[in-house]
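Per-entry structural report
Single-letter residue listing:
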Amino acid sequence: MDWFEENQRSLPWRGETDPYKIWVSEVILQQTRVNQGWDYYLRFIDRFPNVNSLAAAPLQEVLHLWQGLGYYTRARNMHAAAQQLMQEYQGIFPHHYLEIKKLKGIGDYTAAAIASIAFNLPYPAVDGNVLRVITRIFGIYDDIAQQKTVQKIRRLCEQLLDKENSGVFNQAMMEFGAIQCTPKNPKCETCPFVTTCVAFAKEHVNVLPVKSLKVKIKARYLHYFIFLKERKTIIEQRTGTDIWKDLFQFPLIETPKACNEITKIELANACFENINPLFLKEIKHKLTHQHLTIRFYMISEYFPKLKNNWLTVSVENLATYPFPIALKGILQ
């Protein structure tokens, strides 16, 4: 906490005690770097300054504001949790850890962060930064991909926690992992724990934490068809539980294998009658578990028969719909 007082970054949510704003910042910073999430946080709070405004907004508007951050389940869960707060808690954040955890999308870490920072409740917030700090300092070689290891470290953090200043302690731990005990090239030479850190003593700083989980990457091949006629085009909304749920896109055909130029007419004819689309470009887009090859085709002055979930929109109005960031370039 002494280190934190001297070294903490000045952030828009630093020093905040409003549980709503703490919640927003914590959700945005999941899977997102601080420098990327900064502006999103400011825009989000400006548009939705409280639980009531978020709960009352259409989901489409929330997703539009979230556009580019990825992991859109976070935004959907926040919207649902805001409505839950209005219905069950009259828009007031519960002051108890277990009640906070009942909200949609809030797990152990986020509940502990809100409970400790907003209400100074004695719960350790154990994120990836904290796991790294603790495994290095104490020399814990258990696999952090295992839930039992996370629970073990959480119990240890419960003992370390300054229960009188739990919010400050949790922020200090997370900040220490974010800017001092970093994943690569940690600043060991200026670390206050350098004389007692097991990882440093054993020269295992680059070994810890141990994480065995290997992400299996799936290759997918997406073909978007952009119909343009009289400054209008066709879009559809994604449904189901796949990536980009509730976001909008152009009519799509997905193929199990890569599809080259020669087969494009055959591909289009299977769904769009006898047309010859113009190939525009191909891009690669990487998600955590999926590598996407995306090809764009354009068909001018022609509209096929509209399917049930297709919408006809003017080109000028496209910007009002939330699209995946992978389609941003082609939209522009």
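Let us look at the structure shown here. (Residues numbered from 1 in each chain as written. Predicted model: local features only at pLDDT ≥ 70, side-chain atom pairs only at ≥ 80, totals over all residues. Heavy atoms only, no water.)

Of regular secondary structure, the chain possesses 14 helices and seven strands. The principal-axis extents of the C-alpha atoms in the chain amount to approximately 70 × 50 × 30 Å. Expressed as a percentage of the 332 residues in the chain, the buried residues total 48%. Relative to all contacts within the chain whose residues are 6 or more apart in sequence, the contacts with residues 24 or more apart total 65%. (Helix = DSSP H or I, 4+ residues; strand = E, 2+ residues; numbered from the N terminus. Buried < 20%, exposed > 50% of the residue type's maximum accessible area, 1.4 Å probe, protein only. Contact = heavy atoms within 4.5 Å.)

To continue, consider the pattern of salt bridges. Per the counting criterion, the structure on display carries 14 salt bridges. Arg-220 serves as the salt-bridge partner of Asp-242, at 2.8 Å between the closest nitrogen and oxygen. Pair noted here: Asp-242 is in the loop between strand S2 (232-237) and strand S3 (248-249) and Arg-220 is in strand S1 (residues 218-228), with a separation of 22 residues, a long-range link. The structure contains a network of salt bridges with shared partners spanning Arg-220, Arg-238, Asp-242 and Glu-254. (Salt bridge = Lys/Arg side-chain N within 4 Å of Asp/Glu carboxyl O.)

When you line up the elements, Thr-135 lands in helix H9 (residues 128-138). If sequence neighbours within four positions are ignored, Thr-135 has contacts with Ile-140, Ile-144, Ile-153, Leu-208 and Pro-209.

For the rest of this paragraph, the subject is the sheet that holds strand S4 (residues 252-255). The strand order S4-S1-S6-S5 describes an open sheet built from four strands, whose pairing is mixed. Two strands bound the open sheet, and with one partner strand each, they are S4 and strand S5 (278-286). Along the sheet, successive strands turn relative to each other by an average axial angle of 20°, direction set aside. Relative to S4, S1 runs antiparallel, the two sharing four bridges. Among the inter-strand pairings, Tyr-221 is bridged to a residue of S4, identified as Thr-255. (Pairing = 2+ DSSP bridges. Axes fitted to C-alpha atoms, helices over the stretch in contact; angles between N-to-C directions.)

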